[in-house]
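Working through the structure, step by step
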Amino acid sequence: IQYINSLPSPIGKDVPCIVLGCSPFVWGRQFDAKSALYESRFRGKPDAVIAVWTAFAESGGKAIHIVDDEDLCNTFDEFRPQWPDIDVWFTISDSNIEKWCQRLMAWGGTRIFRHAKQVDSGEDLHTFIDLACACGLKPGVATHSPGKITKPELIGNYESLSFLVPFNPRQYHMDISP
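Residues numbered from 1 in each chain as written. Predicted model: local features only at pLDDT ≥ 70, side-chain atom pairs only at ≥ 80, totals over all residues. Heavy atoms only, no water.

Quick look at the packing of aromatic side chains
- Inspection of every chain in the model, using the stated rule, returns 7 aromatic pairs.
- When the ring of tryptophan 53 is compared with that of phenylalanine 76, the centres are 5.5 Å apart and the planes differ by 75°; the resulting orientation is edge-to-face. You can see tryptophan 53 sitting in helix α2 (residues 46-58) and its partner phenylalanine 76 sitting in helix α3 (residues 70-79), a full 23 residues away along the chain.
- Judged by relative accessible area, which is 0%, tryptophan 53 ranks as buried.
- Here a set of aromatic residues connected by ring pairs shows up, and it is made of Trp53, Phe76, Phe79, Phe90, Trp100 and Trp107. (Phe/Tyr/Trp six-rings, centres within 6.5 Å; stacked < 30°, edge-to-face > 60°. Helix = DSSP H or I, 4+ residues; strand = E, 2+ residues; numbered from the N terminus. Buried < 20%, exposed > 50% of the residue type's maximum accessible area, 1.4 Å probe, protein only.)

Written out as structure tokens, the structure is:
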């Protein structure tokens, strides 16, 4: 597999083009019947998760995506010393935004996203975005409906706001209607 390490962005910065997701490690429901398979492979098995992350890093991967799952975060704590330069992108659904910003900063991560569960339900995102910016992090929002949340009154006029959206051949959770 050949990895493209970065893509130019419109603001003149390089961003990782391949980010290893975390859904199999928290047996995401989008996998339907495979969720149970992923749970049996990864639940309570940090070495199995670390093996996947290590293979990704050794293959040239540049960023790993993590969610606010305490077991997954503890596993990343074990992985981090071996790969201090890999970027960390983090999605939170928890209401304790400061706690997770601090954890991401301790890892040297750069991007923090608000979970689609909150974003798509209409949560006011200004507090989250302002807090992330105050911590020196690049804020973003995860959404399954990007056309509904890109209005300035919902997200403000933030220059560096990132969007994390699903993209898959089944078009699962890919509502793009405005």
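Quick word on α2
- Across its 13 residues, α2 extends 18 Å between first and last C-alpha, which sits within 8% of the 18 Å expected from 1.5 Å per residue.
- Inspection of α2 places Val49, Ile50, Trp53, Phe56 and Ala57 among the buried residues, and these make up the whole buried set. End-on view of α2: buried residues confined to an arc of 120°, all on one side of the axis. In α2, those exposed residues whose orientation departs by more than 90 degrees from the buried face are Asp47 and Glu58.
- Where α2 is buried, its residues touch β3 (19-20), α1 (34-42), β4 (63-67) and α3.
- Positive phi shows up at glycine 60, right after α2, with a value of about 100°. (Expected span 1.5 Å × (residues − 1). Arc of directions from axis to C-beta. Contact = heavy atoms within 4.5 Å.)

A short note on the environment of valine 141
- Take valine 141: it is sitting in strand β7 (residues 138-142).
- As for valine 141 and arginine 114, which are separated by 27 residues in sequence, their C-alpha atoms are 4.8 Å apart.

Topic: the pattern of salt bridges
- Enumeration over the complete set of coordinates arrives at 5 salt bridges.
- When the shortest N-O distance is used, the salt bridge between arginine 103 and glutamate 70 registers 2.5 Å. Of the two residues, arginine 103 sits in helix α4 (residues 97-107) while glutamate 70 sits in helix α3, which places them 33 residues apart along the sequence.
- Its relative accessible area of 36% is what places glutamate 70 among the partly exposed residues.
- Note that glutamate 123 is salt-bridged to arginine 114, the shortest N-O span being 2.7 Å.
- The network of salt bridges with shared partners includes Glu70, Asp77, Lys99 and Arg103. (Salt bridge = Lys/Arg side-chain N within 4 Å of Asp/Glu carboxyl O.)

Regarding the environment of glutamate 78
- Assignment of secondary structure puts glutamate 78 in helix α3.
- According to the relative accessible area criterion, glutamate 78 is partly exposed, its value standing at 43%.
- Note: C-alpha distance between glutamate 78 and aspartate 47 (31 residues apart in sequence) is 9.3 Å.
- The contacts of glutamate 78, once residues within four sequence positions are left out, are Pro46 and Ile50.

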